[in-house]
Amino acid sequence: MGLLVLLGSSVQRLAGIGFALVCGPALVLLLGPGDGVTLSNCAAGVISAIGLAGSWRQVRLARMLPLIGAAACTVPVGAWVAGRVPSPALLIGIGLLVSAAALLVIRGIRAASLRGTRGALAAGAASGFMNSAAGVGGPAVSLYAVNTGWTTREFVPNAQFYGVAVNVFSIAAKGLPHLAAPAWATTAAGILVGAGVGRMLSERVAERPARLVVLALALAGGLVTLGKGLWEL
């Protein structure tokens, strides 16, 4: 599990999002939907905070407030759904959400409804629900950023700021995952090492190839999770 967290942390530190897309499906398969998604929330929140420590001056607070406000309203709904849906159905839902999110970001959907304050509210609401229920809040924010015309340099610090907020909301709504002390230690080590690796990669790896690899891994993980859910029905 430590190597898995290291991989996801590296991706998140490199691109601003991606921990749950890469690691979420595997953590769900290892720990179950409840603890797997909540651990994704914890790790993504911490790695976002680490990245934000060096870039908080670049955050556009006024632009982020509608996103965060909308997410705060829908996170409890996602937590409520995740706590009441049977495990096979939840696996299917997570697999579908991860796969659909990856495909939407790959296609770079353009829509007028994803711009301005209205777009921020829509993206935040979708992201909050998906983050709490399935651990994948980043793609909705990424689509908003694409349609708003943000550069990568603008997106990463703002995505990290948003990641801290939405994951704090999600953990507050659901509580911490039930893990033994060694698992927590392994997770912490993976986050710290992954943060360092991601920072080094950000200076050496071109953005587009790296993002395509991340999304391909996410799509594969989502499809595997969907298949497991269908198998357990």
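Model, not experiment: these values are computed from the prediction. (Residues numbered from 1 in each chain as written. Predicted model: local features only at pLDDT ≥ 70, side-chain atom pairs only at ≥ 80, totals over all residues. Heavy atoms only, no water.)

**Section: the nonpolar core**
For the record, the criterion: Residues enter a nonpolar core if they are buried and are Ala, Val, Leu, Ile, Met, Phe, Trp, Tyr or Cys, with the set joined through side-chain atoms within 4.5 Å. Three exposure classes are used, based on accessible area relative to the maximum for each residue type with a 1.4 Å probe and protein chains only: buried under 20%, partly exposed in between, and exposed over 50%. By the criteria applied, helices consist of DSSP H or I runs no shorter than four residues and strands consist of E runs no shorter than two, each listed in order from the N terminus. Contact definition: two residues touch when any of their heavy atoms are within 4.5 Å.
Counting residues in each nonpolar core, the largest one holds 18 residues, and the members touching the most others are Met64, Leu67, Tyr144, Trp150, Phe155 and Tyr162. Among the elements of the structure, α4 (61–84), α6 (116–134), α7 (138–148) and α8 (152–174) are those that each provide at least two residues to this core. Aside from chain neighbours lying at most four places away, what touches Met64 is Val59, Trp150, Asn158, Phe161 and Tyr162.

**Brief notes about the environment of Met200**
Within the secondary structure, Met200 sits in helix α9 (residues 181–202). The class of Met200 is partly exposed, set by a relative accessible area of 46%. Considering only alpha carbons, one finds Met200 and Ser10, 190 residues apart in sequence, at a separation of 9.2 Å.

**Examining a nonpolar patch on the surface**
Selection rule: Patch rule: a residue counts if its relative accessible area is over 30% and it has no salt bridge; like charges are joined within 9 Å, and nonpolar side chains (Val, Leu, Ile, Met, Phe, Trp, Tyr) within 5 Å. Areas reported here follow the Shrake-Rupley algorithm with a probe of radius 1.4 Å; residue values treat only the protein chains shown as occluding. For salt bridges, the criterion is a side-chain nitrogen of Lys or Arg within 4 Å of an Asp or Glu carboxyl oxygen.
Among the surface-exposed residues, Val46, Ile50 and Leu192 lie close enough to one another that they form a single nonpolar patch of about 250 Å² accessible area. Along the chain, Leu192 turns up in helix α9.

**Some remarks on the UniProt feature "transmembrane region" (unreviewed entry) in the protein**
In plain terms, the rule: UniProt positions are given in the numbering used here, feature names are shortened, and annotations may be inferred rather than shown by experiment.
Under the present numbering, the feature "transmembrane region" (unreviewed entry) in UniProt falls on residues 36–53, 65–83, 89–109, 121–146, 179–198 and 210–231. Regarding residues 36–53, the helix share stands at 94% and the strand share at 0%, and the terminal C-alpha atoms are separated by 26 Å. Along residues 65–83 one finds 100% helix and 0% strand; the C-alpha atoms at either end are 28 Å apart.

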